[in-house]
Amino acid sequence: MLVRSGANRRVGSKAKMGHSQLRRVIIDQTMFSMAFERDVDFQDVCPISTYLDLESGEVEWIYENDEDAYMEAGISPEENSTLRERTNASPQQYLEIPGLDHGDHHELLREFLDSDWTENMEDHTRARIAYSGSIGGWKKSVNDDRIVHAFYDYRERKTQQLAEEFLREHGVEPEWK
C-alpha cells in the first residue's frame, strides 16, 4: 500500500466525508493526474502546492515564492500571489493535491514486479532481477520496451485508482473530462 505524501486534506479541514456525501466535480483528468502523479522529490524543484478548486474543478499550481513561479513556469508573481491569497481566503473551496514522493514511485514498481503482469516467466524473472533500487537503472537493465511499457500501463492504472480513492476520501466524486 502506498503511503501518501504531503497534506492529504482539504485546506481548511481534516474531516473526511462518507460516500453518501460525495460532491460531484468535473475535473480535467490530465491536469489532475499531472499534479497527483508527480514525483515531488524530483519534479518540484521549487516549493509548490497544487490544489483542486472544488467549485470549478480547476487544478491550481501555487508556488511558495512568487519569483519562482515566474522562473519555473512563466506565471507572473502577481498571478501566483493572487492564487495563493484566493486559496487562503476560501480554504473550504480547495483540496490540496499532495503528489507522490519518490518512495511511492518505487513502491509502484515493486508492486508491478510482484504482480501477475505477464504469464511469461522468463520476462517476469528478468524484470524482477533487473531492479536494484533505481527506477532509471531498472529501465536500462531490463532493456525491453515491452516490459517497460507494461510497467507504465500498470502505473497509470494504479495511480488513477489511487487518485479516485483520494478524491472520494475527501468527499469528491470525480467526473473526468
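Refer to the structure presented above.
Everything numeric here is computed off the predicted structure, so don't read it as measured data.

## Quick notes on the pattern of salt bridges
Where charged atoms from two side chains of opposite charge approach closely, those side chains can pair. Counted under the stated rule, the structure contains eleven salt bridges. Its salt-bridge partner being Glu-175, residue Arg-24 comes within 3.2 Å of it at the nearest N-O pair. Here the residue Arg-24 occupies a position in strand S1 (residues 23-27), and Glu-175 occupies one in strand S5 (residues 172-176), the gap between them amounting to 151 residues. When its relative accessible area of 54% is taken as the criterion, Arg-24 is described as exposed. A residue is classified by how much of its surface remains accessible, and Glu-175, at 34% relative accessible area, is partly exposed. Its salt-bridge partner being Asp-144, residue Arg-146 comes within 2.9 Å of it at the nearest N-O pair. Given a relative accessible area of 53%, Arg-146 falls into the exposed group. Owing to a relative accessible area of 11%, Asp-144 belongs among the buried residues under this scheme. Taken together, the shared-partner salt bridges in this structure form one network comprising Asp-123, Arg-126, Asp-144 and Arg-146.

## Observations regarding the nonpolar core
Grouped together as the largest cluster of nonpolar side chains are 15 residues, with contacts concentrated most on Ile-27, Phe-32, Phe-36, Leu-52, Ile-97 and Leu-167. Sorting the residues of this core by element identifies S1, helix H1 (29-37), strand S4 (94-97) and helix H8 (145-169) as the ones contributing at least two each. With four residues, H8 is the largest single contributor of residues to this core. When near neighbours in sequence (up to four residues on either side) are disregarded, Leu-167 contacts Ile-27, Phe-32, Leu-52, Leu-95, Val-172, Pro-174 and Trp-176. Ranked by size, the runner-up nonpolar core spans 13 residues in total, among them Phe-112, Leu-113, Tyr-131 and Phe-151.

Procedures and definitions
- Residues numbered from 1 in each chain as written.
- Predicted model: local features only at pLDDT ≥ 70, side-chain atom pairs only at ≥ 80, totals over all residues.
- Heavy atoms only, no water.
- Salt bridge = Lys/Arg side-chain N within 4 Å of Asp/Glu carboxyl O.
- Helix = DSSP H or I, 4+ residues; strand = E, 2+ residues; numbered from the N terminus.
- Buried < 20%, exposed > 50% of the residue type's maximum accessible area, 1.4 Å probe, protein only.
- Core = buried A, V, L, I, M, F, W, Y, C linked by side-chain atoms within 4.5 Å.
- Contact = heavy atoms within 4.5 Å.

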